[in-house]
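# Summary of structural features
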Amino acid sequence: MAFEEKQAWALGVIAVVGYAVYVVLVLNGAAGRPLVEAPYVGAMLWTILFGIVAGIVSGIWFGIASRNDGLQADERDREIGRFGDHIGQSFVVIGGVSAMALAMFEAPYFWIANVLYLCFVLSAVLGSVAKIVFYRRGML
Amino acid sequence: MKPTKVTNSIRALRFARGEMKQADLAAAIGVTRQTLIAIEQGKYSPSLEVAFKIARVFEVSLEEVFQYPEEEEL
């Protein structure tokens, strides 16, 4: 498996795990209250930080593990990376537009922050899935 | 994903060259072994630059490495 494909798997899994932990923390924090009253800022910041740190650590880990494999990325990896990121970014746009619409309707901050976070996660997951599909099925 | 109509003879050329290893060819043309496998299997169409590098390694013309069917065959 190519170094960049391993990295795509890792980033996809990290995004899903991080968001799952966030959802559990917020649901537990709600403790029967309406969801908008649940404390979410701390959980959101910590899981975002976890995602960034885990992404860096996985990159270093895979880099060390494949240090003897010679070249780690080439034109195909760069093309797949670009296409994958391009596909994933569609959710960043959807998130931005959704947050803008929610702000216009004066929705609670909870929903604005959460729609943005969810779309960042979906962007990372979709981007990773697209890259893995390109690696597995080919990119012509 | 639509399959490419470009075929290649890299595998045959490698074997004609004393069973040249994929890793050696990949290193010679500056791509990873995974990319060379993808090219050989027709899952990735390389850039023109890489295609020329492959042809130069085998000292053959580009069309001896890569083939594209005539219009009536498409």
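Residues numbered from 1 in each chain as written. Chains lettered and ligands numbered in written order. Predicted model: local features only at pLDDT ≥ 70, side-chain atom pairs only at ≥ 80, totals over all residues. Heavy atoms only, no water.

Per an unreviewed UniProt entry, chain A is named DUF2178 domain-containing protein, and its organism is Lentzea alba.

## Digging into the packing of helix α2 (residues 41-65) of chain A against helix α4 (residues 109-137) of chain A
The relative placement of two packed helices is expressed as an angle between their axes plus a distance between the axes. All names here are of chain A. Close contact between α2 and α4 brings their axes to 12 Å; oriented N to C, the two are set at 20°. By the angle between their directions, the pair α2 and α4 is classed as roughly parallel. The chirality of how α2 crosses α4 is left-handed. Residues Met44, Thr47 and Ile48 of α2 pack against Ala113, Asn114 and Tyr117 of α4. (Axes fitted to C-alpha atoms, helices over the stretch in contact; angles between N-to-C directions. Helix = DSSP H or I, 4+ residues; strand = E, 2+ residues; numbered from the N terminus. Parallel < 35°, antiparallel > 145°, perpendicular 65-115°, else oblique. Left-handed = near helix turned anticlockwise from the far one by under 90°. Contact = heavy atoms within 4.5 Å.)

## Overview of the side chain of Gln22 of chain B
Residues and elements named next belong to chain B. Along the chain, Gln22 turns up in helix α2 (residues 22-29). Gln22 sits in the buried class, given a relative accessible area of 18%. Those residues in contact with Gln22, other than ones at most four positions away along the chain, are Arg14, Arg33, Leu36, Ile37 and Glu40. (Buried < 20%, exposed > 50% of the residue type's maximum accessible area, 1.4 Å probe, protein only.)

## Concerning the UniProt feature "transmembrane region" (unreviewed entry) in chain A
Residue and element names in this part refer to chain A. Those places that UniProt annotates as "transmembrane region" (unreviewed entry) correspond, in this numbering, to residues 9-31, 43-65, 86-105 and 111-134. The straight-line gap between the two end C-alpha atoms of residues 9-31 is 34 Å; of that span, 96% is helix and 0% is strand. Secondary structure across residues 43-65 divides into 100% helix and 0% strand, with the first and last C-alpha atoms of the span separated by 32 Å. (UniProt positions renumbered as here; feature names shortened; annotations may be inferred.)

## What about the confidence of the model for chain B?
On average, residues of chain B score 89 in pLDDT, and 92% of them are at 70 or above. When mean pLDDT is taken per element in chain B, helix α4 (residues 48-58) of chain B scores highest with 95 and strand β1 (residues 7-8) of chain B scores lowest with 92. (pLDDT = per-residue confidence, 0-100.)

## Here's the deal with the interface of chain A and chain B
Counting residues at the interface gives 16 residues for chain A, matched by 17 residues for chain B. In total, chain A and chain B occlude about 1,300 Å² of area from one another, counting both sides; carbon and sulfur atoms represent 56% of this. Across the chain A-chain B interface, the total number found is 0 salt bridges. Counting across the chain A and chain B interface gives 7 residue pairs in polar contact (both at pLDDT 80 or more). Looking at the side of chain A that touches chain B, the elements with two or more residues in it are α3 (75-104) and α4 of chain A. Tallying contributions element by element places α3 of chain A first for the side of chain A that touches chain B, with 4 residues. The class makeup of the residues in the side of chain A that touches chain B is 7 nonpolar, 2 polar and 7 charged. (Buried area = accessible area lost by both parts, 1.4 Å probe. Salt bridge = Lys/Arg side-chain N within 4 Å of Asp/Glu carboxyl O. Polar contact = N/O pair within 3.5 Å; in protein donor to acceptor, adjacent residues only side chain to side chain. Nonpolar A, V, L, I, M, F, W, Y, C, P; charged D, E, K, R; others polar.)

## Focus on the packing of helix α1 (residues 3-30) of chain A against α4 of chain A
Residues and elements named next belong to chain A. Where α1 meets α4, the axes come as close as 9 Å, and the angle between the chain directions of the two elements is 155°. Classed by the angle they form, the pair α1 and α4 counts as roughly antiparallel. Crossing geometry of α1 relative to α4 is assigned as left-handed. Seen from α1, the contacting residues are Glu4, Glu5, Ala8, Trp9, Leu11, Gly12, Ala15, Val16, Gly18, Tyr19, Tyr22 and Val26; seen from α4, they are Phe110, Asn114, Tyr117, Leu118, Val121, Ala124, Val125, Ser128, Lys131, Ile132, Tyr135 and Arg136. Here the residues of the contact of α1 with α4 sort into 16 nonpolar, 4 polar and 4 charged.

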